[in-house]
Amino acid sequence: MMIEMKYWKKLNAEQRLNRVQQALKDNVDFSKDANLGYPASRLDEKVFTNESLFLREMPVLSTYIANPNHIGCHTFGTSEFAFKGTQAIEQEVLKMMAVDLFKIEEDQFDGYISPGGTEANAQAIWIYRNEFMKKFGAKVDEIIILASEDTHYSIPKSANLLMLDWEKVPVDTETRDVSPEAVRGSIKAALGKGKKYFIVVANMGTTMFGSVDDPAVFTDALKEYQLPFRLHIDGAYGGFVYPFGDFENQINFTNPDITSITIDAHKMLQAPYGTGIFVCRKGLIENVLTSEAQYVEGMDLTLCGSRSGANAVAVWVILTTYGPHKWYEKISVIKMRTNWLCKQLDQLGVTYFREPEMNIVTIRSECVPEELAHKYNLVPQTHDESNQWYKIVLMDHVEIEHLKDFIQDMVSCEHPNPS
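Rules behind the numbers
Residues numbered from 1 in each chain as written. Predicted model: local features only at pLDDT ≥ 70, side-chain atom pairs only at ≥ 80, totals over all residues. Heavy atoms only, no water. Helix = DSSP H or I, 4+ residues; strand = E, 2+ residues; numbered from the N terminus. Buried < 20%, exposed > 50% of the residue type's maximum accessible area, 1.4 Å probe, protein only. Contact = heavy atoms within 4.5 Å. Areas by Shrake-Rupley, 256 points an atom, 1.4 Å probe, with all protein chains shown as cover. Lys, Arg positive; Asp, Glu negative; His and termini not counted. Charge placed at Lys NZ, Arg CZ, Asp CG, Glu CD. Phe/Tyr/Trp six-rings, centres within 6.5 Å; stacked < 30°, edge-to-face > 60°. Pairing = 2+ DSSP bridges. Axes fitted to C-alpha atoms, helices over the stretch in contact; angles between N-to-C directions. Core = buried A, V, L, I, M, F, W, Y, C linked by side-chain atoms within 4.5 Å. Expected span 1.5 Å × (residues − 1). Patch = residues over 30% accessible without salt bridge, like charges linked within 9 Å, V, L, I, M, F, W, Y side chains within 5 Å. Salt bridge = Lys/Arg side-chain N within 4 Å of Asp/Glu carboxyl O. Polar contact = N/O pair within 3.5 Å; in protein donor to acceptor, adjacent residues only side chain to side chain.

Peer 1: Would you take a moment to explain the overall build of the protein for this structure?
Peer 2: Helices and strands together make up the secondary structure of the protein, namely 11 helices and 11 strands. With the C-alpha coordinates of the protein rotated into their principal frame, the extents come out at 75 × 60 × 40 Å. Taken across its 419 residues, the protein has 53% of its residues classed as buried. Residue pairs in contact within the protein that sit at least 24 positions apart in sequence constitute 72% of those at least 6 positions apart. Only carbon and sulfur atoms are counted for the fraction: they give 52% of the accessible area of the protein, which is about 19,300 Å². Of the side chains in the protein, 41 bear a positive and 57 a negative charge, and the two mean positions are spaced by 4 Å.

Below is the structure:
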């Protein structure tokens, strides 16, 4: 992959600290300045003191103490002047993601650091629901969400919140792929229910399987039927893994059908919970402008409203600590560990699913003794007797030694020593 980036650069510790300290100086300092109008302040100094040298030299922790409120969307219009310093850092993060990682044109996107992928997905669906209602005069019961059965539960949750129906497209049980025939069948079923407008959610790394949808399977079918649609990519898990491989990733804004992407920083990036990232093309986010929020400079365009600027600083610090080259190396090591695990499972004849460019291995439940699933905290597909799968996620803390112990236990359970 091409990892030469315009905005995403590796910085040393002094550079990172200086940048964040300058951003905090550019913000209002509630400990020194007279600011009578803001319903905001630094964290309670009786509980959270910033007097120690240790805290002052830790950029993320010092930002939590300062407690900047990043309400609004800082890529669209104006924003609250009091927090302009750390808002600029959030803008830098969004450029790293939108321009460098997901290949959108300069200044052709909007976005924000959300409190997690669930909200970021809901934000996309909210935008598109409102757009269809404003642009086409669509009724709520004429709009439907189209997504695979492996899609994250945030999608049915968003459907419930926004009073929309969700058409669940079946997947192949072995490949986890969505077929053109299955999509056409779901479209026909939706049309039969009077649906006219489609919000498509395609996955870049599903939660249980790490599977990656081909967006064209959805969009080609919708174009055949000449139906209005918007396409959102849920890369909440896979966004910091899937693009970092030895292939040309096409799931980005070079695809003109893709209009928004969600990516979580609190998973692979190991940022504090909850930290999601939402980016969309220009001309869309204003569909959810809350005009009643007139006291907010620049108005509010996000589902959450007030949100911590410290999360944006945390993402910025992580990204600039690694830079794109070191991040590529880190993900490559994790994928090598995943390859090793798959090779061992192959030798044991264990049935599993693994998306080639992802770091999730999902094993058929009948292949894993229940005591081992509990010992190694494997995550089941369902927490009841109907469970069919257990997954292993190769996060940074999962090392070869842990995997060797698991494989040895699998062998021992298959061939127990005679007593």
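Peer 1: I keep staring at unusual backbone geometry and nothing clicks. Help me out?
Peer 2: Negative phi values dominate among residues other than glycine, just as trans dominates among peptide bonds. Each neighbour pair has its own omega, and for tyrosine 273 with glycine 274 the value is -15 degrees, a cis peptide bond. Relative to the helices and strands, glycine 274 resides in the loop between strand 6 (258–264) and strand 7 (276–281). A positive phi is found at glutamine 226, a non-glycine position, where the angle reads about 55 degrees. Its location among the elements puts glutamine 226 in the loop between helix 8 (215–224) and strand 5 (229–235). You can call glutamine 226 exposed: its relative accessible area is 73%.

Peer 1: Which parts of the structure should I look at to understand the packing of aromatic side chains?
Peer 2: Two aromatic rings are characterised by how far apart their centres lie and by the angle between their planes. Enumeration according to the criterion identifies 11 aromatic pairs in this entry. A centroid spacing of 5.4 Å and a plane angle of 35 degrees characterise the contact between phenylalanine 132 and tyrosine 197, whose relative ring orientation is tilted. Here phenylalanine 132, found in helix 5 (residues 117–136), pairs with tyrosine 197, found in strand 4 (residues 197–203); they are 65 residues apart in sequence, far enough to count as distant. Tyrosine 197 gets classed as buried once you look at its relative accessible area, which sits at 11%. Each ring, one from tyrosine 376 and one from phenylalanine 406, has its centre 5.3 Å from the other, and the planes form 85 degrees; the classification is edge-to-face. Here the residue tyrosine 376 occupies a position in the loop between helix 10 (370–375) and strand 10 (379–380), and phenylalanine 406 occupies one in helix 11 (residues 400–414), the gap between them amounting to 30 residues. On the basis of relative accessible area, tyrosine 376 is assigned to the partly exposed category, the value being 23%. Among the aromatic residues, those joined into a ring-pair cluster are Phe132, Phe136 and Tyr197.

Peer 1: Even after reading the chapter, I still don't get the sheet that holds strand 7, so can you show me in this structure?
Peer 2: What links the strands of a sheet is backbone hydrogen bonding, and the strands pair in either a parallel or an antiparallel sense. Pairing within the open sheet is mixed, and its 7 strands lie in the order 1-7-6-5-4-2-3. The two strands at the open ends of the sheet, each matched to only one other strand, are strand 1 (109–114) and strand 3 (165–169). Here the strands of the sheet are splayed against their neighbours by 20 degrees on average, with no regard to which way each runs. Judged from the 6 bridges that link them, strand 4 and strand 5 form a sheet pairing that is parallel.

Peer 1: Just checking my understanding: could you explain the nonpolar core for this structure?
Peer 2: Most often, soluble globular proteins keep nonpolar side chains buried together rather than apart. By size, the foremost hydrophobic cluster in this structure holds 89 residues, and its most contacted members are Phe240 and Ile277. Ala124, Ala147, Leu164 and Tyr197 belong to the second largest nonpolar core, which has 26 residues in total.

Peer 1: Please explain the pairing of strand 11 (residues 389–393) as it appears in this structure.
Peer 2: Here is the key point about a regular strand: its side chains alternate between the two faces of the sheet. The element strand 11 is largely enclosed, with a buried count of 4 among its 5 residues. Pairing of strand 10 with strand 11 involves 2 bridges; the strand directions are antiparallel. From the neighbouring strand, proline 380 faces strand 11, where its bridge partner is tyrosine 390.

Peer 1: Which parts of the structure should I look at to understand the environment of cysteine 413?
Peer 2: Mapping cysteine 413 onto the fold places it in helix 11. With 311 residues separating them in the primary sequence, cysteine 413 and phenylalanine 102 have C-alpha atoms 45 Å apart. The contact partners of cysteine 413, leaving out residues within four places of it in the chain, are Pro369, Glu371 and Leu372.

Peer 1: Looking at this structure, I do not really get helix 4 (residues 84–101). What am I missing?
Peer 2: The end-to-end C-alpha distance of helix 4, which contains 18 residues, comes to 25 Å, matching closely the 26 Å that a straight helix rising 1.5 Å per residue would cover. The first or second residue beyond helix 4 is lysine 103, which carries a positive phi of 60 degrees.

Peer 1: For this particular structure, what's the right way to read a negative patch on the surface?
Peer 2: Together, Asp172, Glu174, Asp177, Asp214 and Asp220 make up a negatively charged patch on the protein surface. Along the chain, the position of aspartate 220 falls in helix 8.

Peer 1: Whenever I open this one, the side chain of arginine 129 confuses me. Can you help?
Peer 2: Among the secondary structure elements, arginine 129 is positioned in helix 5. It turns out arginine 129 is buried and unbridged, and the closest side chain with the opposite charge, glutamate 131, is 11 Å from it. Polar contacts involving the side chain of arginine 129 include one to the side chain of asparagine 130, which spans 3.0 Å. Those residues within four positions of arginine 129 in sequence are excluded, and the remaining contacts are Ile143, Leu162, Leu164 and Ile199.

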